[in-house]
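Analysis of the macromolecular model
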Amino acid sequence: MTKEDSFFKMLILSLLLHMAFLVALSFPLRKPEKKIHFPVSYSVNLVTSVGYGGGEVVKDKKSPPAHPSVREKRVLKVKKLAEKETVKRAEKERSISKKKVEPRFATKEELLSLEERIREIKSKTHYFNVSHTESRLEPKKDGGQIFQVSSKTQGGASSSLDPITQAYISEIWNRVKKAWQVPGGLANKKNLETVVIVKIRKDGRIVDVEIEKRSGNRIYDESALRTLRSVDPLPPFPQSLVGEYLEIGFRFLPGEVS
Amino acid sequence: MDLISGGVLGMILHAGPVAKAVLAILLFFSLVSWAIILFKARQLGQMEREANAVFSIMNDVDSLKKLTLQLRTRRDSPFYTIALLAYEGSIKAPKENPSRTKENALEVERRLTIAIQEENERLEKYLSFLATTANTAPFVGLFGTVWGIMDSFREIGIRGTTSLPVVAPGISEALITTAFGLATAIPAVVGYNYLLGRCRRIALRLENFATYVISFLEK
């Protein structure tokens, strides 16, 4: 083995060492992500409006389950649907009566009635999905493009954006725009984009903030959230605005900030 | 992208061009100095094993010729070179004149000293790079930091706001070059001192061996 040969071997070894070091470095500073754990035994909160009349609690301790495997599958389906419902429409905020379904005690007939209800909810969902068209407010053309706002009204029957809602949203948009500060060093990065969905209650409080798209830069995401926190509470809904909640999507782009 | 954004790698990717250049220089320094540390550790380890073997042979041998013959298997070893030089000197030495013998021994000793110094030079080769890395890497890193903070302050001036969310990320990014400078320099310092110590010990053993070999000539 010549000397040079040995040295290059060590150089390669050193390279590997550095790569391992850099890979290791990329992990420890990360915050542990929030994980959703699904419990093993399912308890289902089905949400229906009073208008449907089905307020009774489905619970029967006398009859044992007929087909455990089938039942579980169905319940799972029910659960998924129910989740979808709650997440998508935040239905619990509407006039509600909660029902608890204990899967262990459900009989076949009750399952049938359950399915019926699921169908009902499904049909309702379709209705809402159709009615809630997304509309975009074009940002003003002055100080560079900073946000794009999309909004979704909740609980109201109006499907398109009426001028009152539009005016309200543009007011909120102006507030957020004023509060938005791009973190140092990131102002020139063009490819950063964070999309945040904000849920505003009737009295102007922000009740829910959800990041729909992360920019890939944690500081940038955090500053977007911080901006939203700083504008809370927002002005309450104008009286003519129908509905309990308003969902607005903000797109944070590092434009020129005046 | 999302995976690395939270960690230090994400910070590196978002750093400015000067910081990236500084980090590239530091990476080069670090790569080479680690290669030298590993290479030297191996080379010195080999030398130490040789020295141990030679010293165990040394006590069983009663003449220079036998010793040289014993060491013939280690042709690359400096111990063999020393023994051979001394043996050649002993052949040349005129047996009948004691004063000439002493002169001859001195002559051999000079040659041995040169051989040992050459060997020392070979042992300590590249170690100077470690010393350079240890001394300069923190400053290179510091340069990156100073530049980054300079940039941050300029940005504060332009934006007219000193709020922490605006200022902190720039400074945090600037500091990363100092961190990497230190991460480069510290192993270099430790490696340099450790390896230099081992070099000195091996050199000492070579000198002892030479003294021992010369004692044969003076008999």
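Source: prediction; values computed, not measured. (Residues numbered from 1 in each chain as written. Chains lettered and ligands numbered in written order. Predicted model: local features only at pLDDT ≥ 70, side-chain atom pairs only at ≥ 80, totals over all residues. Heavy atoms only, no water.)

Here we come to the packing of helix α5 (residues 78-92) of chain B against helix α8 (residues 164-218) of chain B. Residue and element names in this part refer to chain B. Where α5 meets α8, the axes come as close as 10 Å, and the angle between the chain directions of the two elements is 20°. Taken together, α5 and α8 sit at an angle that is classed as roughly parallel. When the axes of α5 and α8 are compared, the crossing they make is right-handed. In this structure, α5 uses Pro78, Phe79, Ile82, Ala83, Ala86, Gly89 and Ser90 to contact α8, whose residues at the interface are Arg205, Leu206, Phe209, Ala210, Val213 and Leu217. Split into classes, the residues belonging to the contact of α5 with α8 amount to 10 nonpolar, 2 polar and 1 charged. (Axes fitted to C-alpha atoms, helices over the stretch in contact; angles between N-to-C directions. Helix = DSSP H or I, 4+ residues; strand = E, 2+ residues; numbered from the N terminus. Parallel < 35°, antiparallel > 145°, perpendicular 65-115°, else oblique. Left-handed = near helix turned anticlockwise from the far one by under 90°. Contact = heavy atoms within 4.5 Å. Nonpolar A, V, L, I, M, F, W, Y, C, P; charged D, E, K, R; others polar.)

On to unusual backbone geometry, then. Of note, tyrosine 126 of chain B is a non-glycine position whose phi angle comes to about 75°, a positive value. Its location among the elements puts tyrosine 126 of chain B in the loop between α6 (98-124) and α7 (127-159).

Next up on the list: α7 of chain B. All names here are of chain B. End to end, α7 covers 48 Å across 33 residues, agreeing with the expected 48 Å (1.5 Å per residue, within 8%). Of all the bends in α7, the largest measures some 35° and sits at threonine 136, one to four residues before the proline proline 138. Immediately downstream of α7, the backbone of glycine 160 shows phi near 70°, a positive value. (Expected span 1.5 Å × (residues − 1). Bend = angle between axes of the 7 residues up to and from the residue.)

Residue and element names in this part refer to chain A. Examined bridge by bridge, strand β5 (residues 194-201) and strand β6 (residues 206-213) share 6 bridges and lie antiparallel to one another. Note on β6: the bridge partner recorded for valine 198 is valine 209. Hairpin remark: β5 followed by β6, antiparallel, with 4 residues in the connecting loop; positive phi at glycine 204, about 95°. (Pairing = 2+ DSSP bridges.)

Time to look at the packing of aromatic side chains. Counted under the stated rule, the structure contains 13 aromatic pairs over all chains. Where phenylalanine 143 of chain B meets tryptophan 147 of chain B, the ring centres are 5.9 Å apart and the plane angle is 45°; that geometry is what we call tilted. With phenylalanine 143 of chain B and tryptophan 147 of chain B both in helix α7, this residue pair falls 4 residues apart, about one helical turn. You can call tryptophan 147 of chain B partly exposed: its relative accessible area is 36%. An aromatic cluster is defined as three or more aromatic residues linked by ring pairs; in this entry it consists of Phe7 and Phe8 of chain A together with Phe39 and Tyr126 of chain B. Above the ring of phenylalanine 55 of chain B, the side-chain terminus of arginine 205 of chain B is found at 5.0 Å from the ring centroid. (Phe/Tyr/Trp six-rings, centres within 6.5 Å; stacked < 30°, edge-to-face > 60°. Buried < 20%, exposed > 50% of the residue type's maximum accessible area, 1.4 Å probe, protein only. Lys NZ or Arg CZ within 6 Å of the ring centre and 35° of its normal.)

The next subject is helix α5 (residues 218-231) of chain A. Three- or four-residue spacings in an α-helix give side chains the same orientation, since the helix completes a turn every 3.6 residues. Residue and element names in this part refer to chain A. For α5, with 14 residues, the first-to-last C-alpha span of 20 Å sits near the 20 Å given by 1.5 Å per residue. Of all the residues in α5, the buried ones are Tyr220, Asp221, Ser223, Ala224, Leu225, Thr227, Leu228 and Val231. Buried residues in α5 make contact with α4 (163-179), β5, β6 and β7 (245-252).

Let's shift gears to the pattern of salt bridges. According to the stated counting rule, one finds 10 salt bridges over all chains in the structure shown. With a closest N to O distance of 3.8 Å, glutamate 107 of chain B and arginine 111 of chain B form a salt bridge. In this pair, glutamate 107 of chain B and arginine 111 of chain B both sit in helix α6, 4 residues apart, roughly one turn of the helix. Through salt bridges with shared partners, a single network forms among Glu193, Lys213 and Arg251 of chain A. (Salt bridge = Lys/Arg side-chain N within 4 Å of Asp/Glu carboxyl O.)

Note that every value here comes from positions in space, so none of it alone points to a role or purpose.
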